[in-house]
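# Structural characterization, general
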Amino acid sequence: MTTRGAGNAYLREIFVPAYNLRFGKEPSEPGSAFVAYAGAALADVLCVQVDRQVGKDNCVSWSGTSLQIPAQAHRHHYVKATVRVHEFPDGRLRNSHSIQP
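Below is a short write-up of the structure.

Within the protein chain, the regular secondary structure consists of two helices and five strands. Whereas a compact globule of 101 residues would reach a radius of gyration of roughly 13 Å, the protein chain reaches 24 Å, over 25% beyond that. Out of the 101 residues belonging to the protein chain, those deemed buried represent 17%. Of all intrachain contacts in the protein chain linking residues separated by at least 6 positions in sequence, the fraction that spans at least 24 positions is 39%. Summed over all atoms, the accessible surface of the protein chain reaches about 8,200 Å², with 57% contributed by carbon and sulfur.

Take the nonpolar core next. Soluble globular proteins tend to bury their nonpolar side chains together. Formed by Val 54, Val 60, Trp 62, Leu 67, Ile 69, Tyr 78, Ala 81, Val 83 and Val 85, the largest nonpolar core amounts to nine residues. Broken down by secondary-structure element, the contributors of at least two residues to this core are strand S2 (59-62) and strand S4 (82-87). If we skip the residues at most four places from it in the chain, Val 54 touches Cys 59, Val 60, Ile 69, Tyr 78, Val 79, Lys 80, Ala 81 and Val 83.

What follows is about the pattern of salt bridges. Here the idea is simple: oppositely charged side chains can pair when their charged atoms come close. Per the stated rule, a full pass over the model turns up two salt bridges. Across the pair Asp 51 and Arg 84 runs a salt bridge, and its minimum N-O distance is 2.8 Å. Pair noted here: Asp 51 is in strand S1 (residues 48-53) and Arg 84 is in strand S4, with a separation of 33 residues, a long-range link. For the salt bridge of Asp 90 with Arg 92, the shortest nitrogen-to-oxygen distance reads 2.9 Å.

Glycine aside, residues mostly have negative phi angles, and peptide bonds mostly take the trans form. Phi is positive for Asn 58, which is not a glycine, with a value near 65°. Positionally, Asn 58 belongs in the loop between S1 and S2. A positive phi is found at Lys 80, a non-glycine position, where the angle reads about 70°. Accessibility expressed as a relative area gives 56% for Lys 80, which makes it exposed.

In this structure, S2 lies alongside strand S3 (residues 65-68), joined through four bridges in antiparallel fashion. When the bridges of S3 are listed, Val 60 appears paired with Leu 67. In textbook terms, the turn of a hairpin is the stretch between consecutive antiparallel strands, and for S2 and S3 this stretch comprises two residues, one of which, Ser 63, has a positive phi near 50°.

So, how was this worked out
- Residues numbered from 1 in each chain as written.
- Predicted model: local features only at pLDDT ≥ 70, side-chain atom pairs only at ≥ 80, totals over all residues.
- Heavy atoms only, no water.
- Helix = DSSP H or I, 4+ residues; strand = E, 2+ residues; numbered from the N terminus.
- Rg over C-alpha atoms; globule rule 2.2 N^0.38 Å.
- Buried < 20%, exposed > 50% of the residue type's maximum accessible area, 1.4 Å probe, protein only.
- Contact = heavy atoms within 4.5 Å.
- Areas by Shrake-Rupley, 256 points an atom, 1.4 Å probe, with all protein chains shown as cover.
- Core = buried A, V, L, I, M, F, W, Y, C linked by side-chain atoms within 4.5 Å.
- Salt bridge = Lys/Arg side-chain N within 4 Å of Asp/Glu carboxyl O.
- Pairing = 2+ DSSP bridges.

Right under this line is the structure:
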């Protein structure tokens, strides 16, 4: 094959039907396996999540940026705690609560 169209035709007309004959089987139950997504906001699912240890300055490093972890009513600092940094597709950053002491 030398063109994209020829490759797509091969996949559609030869490869996929042969693959389905070899590996396909009837479902054991009727109905669809697909269900509507009803969980967390998609932005929370489609973001990069990385765990970072908080330094002595109450900050974590992410992509060359230092992110300060603000004090909260129940905890004045997060030094040596592990927090989760979230980077969203639009570039926003957020940290989640301490996940380890």
